[in-house]
Amino acid sequence: MEQFVPIKRSKDGQPVRYLIVDDSVFARKNLGRIIETFGGQVAGEAGDGLTAITEYERIKPDIVLMDITMPQMEGIEAAEKIVQQNPDARVVMVSSVGYQENIVAALQRGARHFVQKPVKPEVLYEVIKYVLGEDGALVSAAGAGA
Amino acid sequence: MKMELIQPFINAADAVLSQGLKSPMVVGNLAMEREAYRRKGVAAVVQLTGDIEGRVIFDLAPKTAAEVASHFAGTELPETDDLVREAVCELANQVIGNAVATLNDQGFHFRVHPPELHTSDDGPTSTEDTEALVLCFETASGNVFMNIALRYAHKAAAAGA
């Protein structure tokens, strides 16, 4: 799998911590592998929206990658609840159901961005950089630990 | 079943499989089916409700599913039951989600339900209104079968009146 220049947290140089929310274990593992190529760390996983809310409060990740179609509570509703409680939360929707209506609804209810499945690592990488903004820093291997 | 409903699913399967497998696929056999669905391997079913309703089944031989999963993951994965089932469900989710996105942008509104494993050997018999189309996608990892039975919801309501 392709490797990317690691994205670290600007404030402390630590890996960006992710919460991955998807009802498919297979999809979560795949996203986890992609995140590792970005130098990130999977801080937690959830298989539905309700668990995602609990997990967010527990681990306070830097970024949430959130599926839409899930049992119990769908991703857009979960994103809204997380952002209501945590206005600084960065939620990126990652879903195959990428039609205009869904994308607009997700953004209106607090999501920062939308990535269509199947996920292209280079697309997700650019989205992560954009969503982190100044809170993320690219750290080349030569500069690691500096 | 109208071709306008089917084409987005063919396009989505082509896009998702070609990208995931990093090789082109060919649409092979195509047949209409009114008999009860007979599972070929590991199958996932996704229900749709709304302006268009029905279901789509994805069906792969376990070995094919493991190969497809390995391609999608970008690393060699063992052929375990859980993994194979998960891969088929996620494949169904991605193809159907992409197709639904196209149909939604054309003005159809509906809800996609999470994929479920289709575990029984036989499925429900198709009716005249929900005649199923069975497509076989030939890939380098083996055949991927997609069984589509969809109808316009207003027709369904009228038929039941």
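Before reading on, note that the structure itself is shown above.
Residues numbered from 1 in each chain as written. Chains lettered and ligands numbered in written order. Predicted model: local features only at pLDDT ≥ 70, side-chain atom pairs only at ≥ 80, totals over all residues. Heavy atoms only, no water.

J.: So, the overall build of chain A: which residues are in play, and what are the values?
T.: Secondary structure summary: chain A contains five helices and seven strands in total. Counting from the amino terminus, chain A carries its helices and strands in the arrangement β-β-α-β-α-β-α-β-α-β-α-β. At 14 Å, chain A has a C-alpha radius of gyration in line with the 15 Å of a compact globule built from 146 residues. Its C-alpha atoms put chain A at 45 × 30 × 25 Å along the principal axes. When the 146 residues of chain A are sorted by exposure, 53% land in the buried category. Of the roughly 6,500 Å² of accessible surface on chain A, 49% is carried by carbon and sulfur atoms. Taken together, the 16 basic and 20 acidic charged side chains of chain A have centroids lying 4 Å from each other. (Helix = DSSP H or I, 4+ residues; strand = E, 2+ residues; numbered from the N terminus. Rg over C-alpha atoms; globule rule 2.2 N^0.38 Å. Buried < 20%, exposed > 50% of the residue type's maximum accessible area, 1.4 Å probe, protein only. Areas by Shrake-Rupley, 256 points an atom, 1.4 Å probe, with all protein chains shown as cover. Lys, Arg positive; Asp, Glu negative; His and termini not counted. Charge placed at Lys NZ, Arg CZ, Asp CG, Glu CD.)

J.: Lay out empty space enclosed by the protein with the relevant residues and their values.
T.: The tally for this structure, following the rule as stated, stands at one cavity of 30 Å³ or more. What the largest cavity holds in volume is close to 50 Å³. Lining the largest cavity, in full, are Phe26 of chain A together with Val68, Ala69, Phe72, Ala87, Glu90, Leu91 and Gln94 of chain B. Elements with a contribution of two residues or more to the lining of the largest cavity: helix H2 (62-73) and helix H3 (81-105) of chain B. If you tally residues by element for the lining of the largest cavity, the top one is H3 of chain B, at four residues. (1 Å grid on protein atoms, 1.4 Å probe; cavity = no way out; pocket = protein on both sides within 12 Å on 5 of 7 lines; lining within 4 Å. Points joined across faces, edges and corners; volume = space filled by probe spheres on them.)

J.: How would you sum up the interface of chain A and chain B? Please name residues and give values.
T.: Of the residues lining the interface, 24 residues belong to chain A; the matching set on chain B comes to 26 residues. Together chain A and chain B conceal approximately 1,900 Å² of surface at their shared face, both sides included; 54% is due to carbon and sulfur atoms. Broken down residue by residue, the surface that chain A buries against chain B is led by Phe26, Tyr99 and Pro118 of chain A, which jointly contribute 34%. Our enumeration of links across chain A and chain B arrives at two salt bridges. A salt bridge links arginine 111 of chain B to glutamate 74 of chain A, with the nearest nitrogen and oxygen atoms 2.4 Å apart. Counting across the interface, chain A meets chain B through eleven residue pairs in polar contact (both at pLDDT 80 or more). Going through the elements one at a time, helix H1 (25-37) and helix H4 (100-108) of chain A are the ones with two or more residues in the side of chain A that touches chain B. (Contact = heavy atoms within 4.5 Å. Buried area = accessible area lost by both parts, 1.4 Å probe. Salt bridge = Lys/Arg side-chain N within 4 Å of Asp/Glu carboxyl O. Polar contact = N/O pair within 3.5 Å; in protein donor to acceptor, adjacent residues only side chain to side chain.)

It is worth stressing that arrangement in space is one thing and function is another; only the former is reported here.
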